[in-house]
Amino acid sequence: MAELISNERVDDIPLLLSQMRKLELSEQLDEHFKTHGHWQGLSLGQVVVGWLSYILSQGDHRLNQVESWAAELSHTLKTCLDVSVRSLDFSDDRLALVLDELSQDSQWEAFEGGLNSQTLRVYDLHAQTVRLDTTTVSGYRTPSADGLFQFGHSKDYRPDLPQVKISQAALDPLGMPVSTSVVSGNRADDRLYVPEIQQVQQHLPVSGLLYVGDSKMAALETRGYLAKSENHYLCPLPAVQVSQADLAELLAPVFRGEELLESVAAPGANASDGEATEKTAGTDEGEAIAEGFTITMPQSLGAGPDKFTWQEQWLVVRSFKHQQRQQKGLDQRLEKATEEISNLNLTGRGHKRRSVDDTIAAAENILKRYRVASVLQVTYETTHETIHKRAYRDQPARTLTETTISVTAVLDTDAYQQAQRLLGWRVYVSNDLELSLSAAVYGYRNEYRIERCFSRYKGKALGLAPLFLASDQRVKGLIRLLSLGLRILCLLEFSVRSALDTAQQTLPGLYAGNPKRATAKPTAELLLKAFRGITLTVMKINGTLQYFLSALSQRQQRILQLLKAADDIYLSLSG
């Protein structure tokens, strides 16, 4: 007689645990984080691996949910993680202790370096390009003087909430983090780049790497540090370093016809530029998407005997789509500004009656708000009208002089044409004098790879926001924990994409409602979702426990093949 004992939703747990086992993540953690002598049960590394499998599978970092989850997956975790596993190993108290350990800076730095070495070896990766960026995570907290959560420029569009800032370096083309720093939310971005680069250099002690970042990485001190350490940089120069007047001066030879422009084609057209490999949406292969030229500039940092000098090239580039967007934006701003300035002349019911000074101030505010002061000329005309008031009750007859003002906005044609000539242009800077124009353009355009990391932190994949932890120390530990989860997602995705690329194949069946749609670049989220619904049934038959696993689909088997993972990671559950 058969008696149903339980059903376990196995889903993607064995796959995730096998990927972490491939990295020897548990062993790396146990080597660098020494737990208290009274620690019992699974090691800290095993707890982290099990917890990460829950987070990546469920997209939930809440500590109080993991113990019940582990209890429902008892056989799966005993088979895939450790035979001695207990649900108590994942109690919220135990997980809080894990976060306390991960928040220790010196241990984390040593562990991160060891994990990077292991990752590069196991996946045969060759570090060439590192991307740097920052993001913020807001929370409903009361800031303290020395706390992580502080008010600052919010990238979550929540300036009303205190925040913590994450600075990260990621390895191309995976987007995999190789260094993660957690700092207070009021820290300026430009001061975080050199410390982050130094962390990367400790973990990847090689020279000649290309560091790519946004305009906040363009501080001269950061560029000088990279040049002095025999590495390369690529970043756009901000407006504070290259003003509109400076840009006009750089482009003067182009406008005079003295400077020839080099065309940048869509990816695939420049076979010699190995960097241009990803097709840009909305462009045909071979279509020109930008043009520009390069100039070499001397740079120096410091003074006297400590003065350091180097050469860098400025890559002056005009993106055609960026030009179109800026043109559309300029025309829209001009239209709105002209309309609002014209409305200042309206009087009567429903319109505020302004003084001359108030009207002039309102017009100037409109010009500033829409950033059109340089191309829109505003003239003012005042009139004086004599008004005779009749006597009324206790008010005697009187004569008043009322001053009114009319405002007219007229487009300055010459200034508008000059502004049009500067649209779409941007100056990139690099100390790699052999970096081609197209390689620079696509090198920076691929900045989305690290931005995608941040979207994973805050999205369903890792579920960092909203933050439920009250302790700053544990928030730091949680962010570091999730950075490990991000590594797993990036490596999983990279492995499948690389295998598909080598075999020149695509993978169908990942998109709901369109089973025939195939892709050569599946996301980690879609790959994990493909394993949803795998169930382990536990039954007692004639007094003996029997385990029955739902059959793996062809799609699931294909993904395991691409990952070079044996079916046994699932089949062993029913053994």
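Reading the values: rules and limits
Residues numbered from 1 in each chain as written. Predicted model: local features only at pLDDT ≥ 70, side-chain atom pairs only at ≥ 80, totals over all residues. Heavy atoms only, no water. Helix = DSSP H or I, 4+ residues; strand = E, 2+ residues; numbered from the N terminus. Buried < 20%, exposed > 50% of the residue type's maximum accessible area, 1.4 Å probe, protein only. Contact = heavy atoms within 4.5 Å. Areas by Shrake-Rupley, 256 points an atom, 1.4 Å probe, with all protein chains shown as cover. Lys, Arg positive; Asp, Glu negative; His and termini not counted. Charge placed at Lys NZ, Arg CZ, Asp CG, Glu CD. Pairing = 2+ DSSP bridges. Axes fitted to C-alpha atoms, helices over the stretch in contact; angles between N-to-C directions. Polar contact = N/O pair within 3.5 Å; in protein donor to acceptor, adjacent residues only side chain to side chain. Salt bridge = Lys/Arg side-chain N within 4 Å of Asp/Glu carboxyl O. Parallel < 35°, antiparallel > 145°, perpendicular 65-115°, else oblique. Nonpolar A, V, L, I, M, F, W, Y, C, P; charged D, E, K, R; others polar. Phe/Tyr/Trp six-rings, centres within 6.5 Å; stacked < 30°, edge-to-face > 60°. Lys NZ or Arg CZ within 6 Å of the ring centre and 35° of its normal. pLDDT = per-residue confidence, 0-100. Left-handed = near helix turned anticlockwise from the far one by under 90°. Expected span 1.5 Å × (residues − 1). Core = buried A, V, L, I, M, F, W, Y, C linked by side-chain atoms within 4.5 Å.

Chemist: How would you sum up the overall build of the protein chain? Please name residues and give values.
Modeler: When helices and strands are counted, the protein chain shows 19 helices and 16 strands. Its C-alpha atoms give the protein chain principal-axis dimensions of about 110 × 75 × 60 Å. When each of the 575 residues of the protein chain is scored for burial, the buried share is 48%. In the protein chain, the share of contacts with a sequence separation of at least 24, taken over all contacts with a separation of at least 6, comes to 68%. Of the roughly 28700 Å² that the protein chain leaves accessible, carbon and sulfur atoms contribute 49%. Computing the positive centroid from 61 side-chain charges and the negative centroid from 69, the protein chain places the two 6 Å apart.

Chemist: With reference to specific residues and values, describe the sheet that holds strand β12 (residues 425-430).
Modeler: A sheet is described by the order of its strands in space; here 9 strands give the open sequence β4-β3-β2-β5-β6-β12-β9-β8-β7, paired in mixed fashion. The sheet is open, and its two borders are formed by β4 (176-184) and β7 (262-265), each paired with just one other strand. Strand-to-strand twist in this sheet, taken as the mean axis angle between neighbours without regard to direction, amounts to 25 degrees. Bridge analysis of strand β3 (residues 163-171) against β4 gives 8 bridges, and the strand direction is antiparallel. Paired with K165 across the two strands is V183, which belongs to β4. Its contacts with the sheet place helix α9 (residues 220-228) against β5 (210-212), β6 (232-236), β8 (288-301), β9 (308-319) and β12, and it is angled at close to 115 degrees to β9.

Chemist: Explain the side chain of Q327 to me, using residue names and the numbers behind them.
Modeler: Here Q327 lies in helix α11 (residues 320-343). Within the structure, Q327 has its side chain in polar contact with the side chain of Q420 (distance 3.1 Å).

Chemist: An account of helix α6 (residues 92-102) is needed here, citing residue identities and associated values.
Modeler: Within the sequence span of α6, burial applies to R94, L95, A96, V98, L99, D100 and L102. Buried positions along α6 lie against α2 (25-32), α3 (44-58), α4 (66-72), α7 (105-122) and α16 (472-503).

Chemist: Account for the environment of A503, naming residues and giving values.
Modeler: Summarising the element assignment, A503 is placed in helix α16. Sequence separation between A503 and T294 is 209 residues; the distance between their C-alpha atoms is 39 Å.

Chemist: An account of the pattern of salt bridges is needed here, citing residue identities and associated values.
Modeler: Under the defined criterion, the tally for this structure stands at 23 salt bridges. Of the charged contacts in the structure, one is a salt bridge between R9 and D11, with a shortest N-O distance of 3.0 Å. In this structure, R62 engages D60 in a salt bridge whose closest nitrogen and oxygen atoms are separated by 3.0 Å. Overlapping salt bridges bring together K155, K165, D189, D214 and K216 as one network.

Chemist: Account for the packing of α6 against α16, with residues named and values stated.
Modeler: Packing of α6 against α16 brings their axes to within 7 Å, and their N-to-C directions diverge by 85 degrees. Taken together, the axes of α6 and α16 lie roughly perpendicular to each other. Between α6 and α16, the contacting residues are A96, L99, D100 and L102 on the first element and Q473, R474, G477, L478, R480 and L481 on the second. Residue composition of the contact of α6 with α16, by class: 5 nonpolar, 2 polar and 3 charged.

Chemist: Pulling in residues and values, what's your account of the side chain of S181?
Modeler: The residue S181 is located in strand β4 in this model. Engagement of the side chain of S181 in a polar contact is seen with the side chain of E196, the distance being 2.8 Å. With sequence-adjacent residues up to four places away left out, S181 is seen in contact with K165, I166, S167 and E196.

Chemist: Any details on the packing of aromatic side chains? Residues and values, ideally.
Modeler: In the structure shown here, the tally under the stated rule is 8 aromatic pairs. Measuring from centroid to centroid gives 5.4 Å for F308 and W310, while their planes differ by 20 degrees, and the two rings are stacked. Linked through ring pairs, F33, W108 and F111 together constitute an aromatic cluster. The ring of W39 has R94 sitting right over it, with the charged end atom 4.1 Å from the ring centre. The positively charged end of R517 is found above the aromatic ring belonging to Y511, 3.7 Å away from the centroid.

Chemist: Tell me about the confidence of the model for the protein chain, residues and numbers included.
Modeler: Mean pLDDT over the protein chain works out to 90, with 96% of the residues at or above the 70 mark. Here residues 269-282 is a poorly scored stretch, pLDDT under 50, and it has 24 contacts once near neighbours within four places are set aside; other chains count.

Chemist: With reference to specific residues and values, describe the packing of α11 against helix α13 (residues 413-421).
Modeler: The N-to-C vectors of α11 and α13 enclose an angle of 150 degrees; their axes lie 10 Å apart at closest approach. As the angle between them shows, α11 and α13 are arranged roughly antiparallel. Here α11 and α13 pass one another in a crossing that is right-handed. Between α11 and α13, the residues in contact are Q327, L330, D331 and L334 and Y416, A419 and Q420, respectively. Residues belonging to the contact of α11 with α13 are distributed by class as follows: 4 nonpolar, 2 polar and 1 charged.

Chemist: Which residues make up α7, and what values do they have?
Modeler: In a regular helix each residue adds 1.5 Å, so 18 residues correspond to 26 Å; α7 covers 25 Å between its end C-alpha atoms and thus fits that length. All of the buried residues along α7 are W108, F111, E112, G113, L115, N116, Q118, T119 and L120. Where α7 terminates, the next one or two residues include D124, which has phi positive at roughly 50 degrees.

Chemist: Just give me the short version of the nonpolar core, but keep the residues and values in it.
Modeler: Membership of the largest hydrophobic core comes to 126 residues, with the highest contact counts inside it found for W51, F90 and Y570. Discounting chain neighbours no more than four positions away, the residues touching Y570 are V10, D11, D12, I13, P14, L15, F531, I534, L549, L552 and L560. Core analysis: the second largest hydrophobic core is formed by 19 residues, A363, L376, V407 and Y416 among them.

Chemist: Describe the pairing of β4, naming the residues involved and giving the relevant values.
Modeler: Summarising burial for β4: 9 of the 9 residues are buried, a large majority. What sits between the antiparallel neighbours β3 and β4 is a turn of 4 residues, in which G175 has the positive phi angle 80 degrees.

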